[in-house]
Amino acid sequence: MEVTNTFMKGWRQDPSSKSLADVHGSVHVPRNAGFFKTLAAYVGPGLMVAVGYMDPGNWATDIAGGAQFGYRLLSVVLISNLFAMLLQHLALKLGIATGRDLAQACRDHYSRPVGIGLWVLAEIAIAATDLAEVIGSAIALNLLFGLPLTIGILITAVDVMLLLYLQNKGFRVLERIVASLIFLILACFGYELLVSRPDLGEVMGGLLPRPEIVTNPGMLYIAIGILGATVMPHNLYLHSSIIQTRDFSRDDTGRQSAIKFATIDSTVSLFLAFFINAAILMLSAATFHYSGNQHVADITDAHQLLDPLLGTKVAGILFAVALLASGQNSTVTGTLAGQIVMEGFLNIRLKPWLRRIITRLVAIVPALVVAILYGERGTSELLVLSQVILSLQLSFAVVPLVTFTNDKLKMGRFVNPAWVRITSWAVATIIIALNGYLLWDTIF
């Protein structure tokens, strides 16, 4: 097979195993079908990736940004999502063109010590992601049912069994459940925006970048937090793997078609994520910033003030429902990313239930300790810390991804064109610079 040999030139060895082998190529893609019928077969992975861009960790930064600075940071949400669209396109292209996910590609390309180091960093990022899911879900249960945070954190351990049950039903079932929860979140925030009535002129103005985002230290700090909470490292590993669940033709024509349709799926899905993130910031700006409540900086405060400020008892309930849906959605994708990272970097296959329990325990223990010792304020600060950790890990996933997809020997005819190479390195440089600033500011 000449095509296969071409793709192997830049790699040290053939892929030793398929990514997510139990569902690899399990979703049928019709041959010689029309545009929309083919596109329908590819819809799903993009929505699962979009979940990471609207998880509970994003809420805290969006709420703080809207409350303190009104609509002025909307441009940062937009730019972050544009970065995400490019990086997720590169991730899916790597998976389709090479038959490797990002973790497998790193194991092949780097020395073993470097590979182990990248694996440890990826595991830290996934633990931070799971921490945000645990805290977000526990806060939502507290807001909806008055459950103490400690009880809510323990309840989140039960979703291990639910997730395992869903995995056994097939990958398409998982995708449909994730999609349903995303549209539930969309419906909740659609209502919130209707009753909060944001100023459309201010919204349009906020989408334009302004110099004060860089010159104002407080605004810059939150802007970096929004970037770190939006573009998430585990999503790059996730997307490069789950796109391979599609049963497309493994030749140049089939790969080209798969990249086209998968990119459409990814880009449209991330537009939905942009709308949700923008909606959270707009809701916070319209409700808190212009009512003298600029101090609101966490989810609990926002929930408590929504009903009296908007004059409706439904707003707070829908806010908490959307938060719970967000946390549960992120649980699904975080677990899959954990499986992909461990199998890809180490070529070790654990039973899904064991992998899930390990990941969740790493998140539950610190969340439980902080909830017991410091209560609601402590868990809110831990949620923000998890986003700082994710932001610092991002470069270690972005740089390998950009390096691989810019390498003609590794990608063959699917190597990035010149404009994508330049743009991707520019994005990587910006991310590294902003995260360097965040690290410096956090330490000193």
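Structure shown above.
Residues numbered from 1 in each chain as written. Predicted model: local features only at pLDDT ≥ 70, side-chain atom pairs only at ≥ 80, totals over all residues. Heavy atoms only, no water.

Description of the overall build of the protein
Within the protein, the secondary structure is distributed over 21 helices and 2 strands. Taking 444 residues into account, the globule formula puts the C-alpha radius of gyration at 22 Å, and the protein, at 21 Å, falls close to it. Projected onto the principal axes, the alpha-carbon positions of the protein cover approximately 65 × 50 × 45 Å. Within the protein, residue pairs in contact and separated by at least 24 positions form 85% of the contacts whose partners lie at least 6 positions apart. For the protein, the exposed area adds up to about 17,300 Å²; of that, 68% sits on carbon and sulfur atoms. (Helix = DSSP H or I, 4+ residues; strand = E, 2+ residues; numbered from the N terminus. Rg over C-alpha atoms; globule rule 2.2 N^0.38 Å. Contact = heavy atoms within 4.5 Å. Areas by Shrake-Rupley, 256 points an atom, 1.4 Å probe, with all protein chains shown as cover.)

A few points about the nonpolar core
Residues Trp59, Leu73, Phe189, Tyr237, Ile299, Phe319 and Phe345 are the most contacted members of the largest nonpolar core, which totals 133 residues. With 16 residues, the top contributor of residues to this core is helix H15 (residues 252-287). Sequence-distant contacts of leucine 73, that is, excluding residues within four places in its chain, are made with Gly65, Ile213, Met219, Ile222, Ala223, Ile226 and Leu281. (Core = buried A, V, L, I, M, F, W, Y, C linked by side-chain atoms within 4.5 Å. Buried < 20%, exposed > 50% of the residue type's maximum accessible area, 1.4 Å probe, protein only.)

Concerning helix H10 (residues 171-196)
Each full turn of the α-helix corresponds to 3.6 residues, which orients residues three or four apart in the same direction. The terminal C-alpha atoms of H10, which comprises 26 residues, lie 38 Å apart, in line with the 38 Å expected from a rise of 1.5 Å per residue. Looking at the residues trailing H10, positive phi occurs at arginine 197, about 50 degrees. (Expected span 1.5 Å × (residues − 1).)

Brief notes about the side chain of serine 241
Mapped onto the elements of the fold, serine 241 is located in helix H14 (residues 233-242). Looking at serine 241, the relative accessible area reads 1%, which means it is buried. Every residue in contact with serine 241, bar those within four places of it in the chain, is listed here: Ser19, Leu20, Asp101 and Ile340.

Looking at helix H5 (residues 74-98)
The end-to-end C-alpha separation of H5 is 36 Å, in line with the 36 Å expected for 25 residues at 1.5 Å each. Along H5, 22 of the 25 residues are buried, which leaves the element largely enclosed by surrounding structure. At the exit of H5 stands glycine 99, carrying a positive phi of roughly 70 degrees.

Some remarks on the packing of aromatic side chains
Taken as a whole, this structure holds 10 aromatic pairs when the rule is applied. Feature note: the residues Phe35, Phe36, Tyr42 and Phe261 constitute an aromatic cluster, connected by ring pairs. A cation over a ring is seen here: arginine 250 above phenylalanine 248, with NZ or CZ 3.8 Å from the ring centre. In this structure, lysine 410 is placed above the aromatic ring of tryptophan 11, and the distance from its NZ or CZ to the ring centre is 4.1 Å. (Phe/Tyr/Trp six-rings, centres within 6.5 Å; stacked < 30°, edge-to-face > 60°. Lys NZ or Arg CZ within 6 Å of the ring centre and 35° of its normal.)

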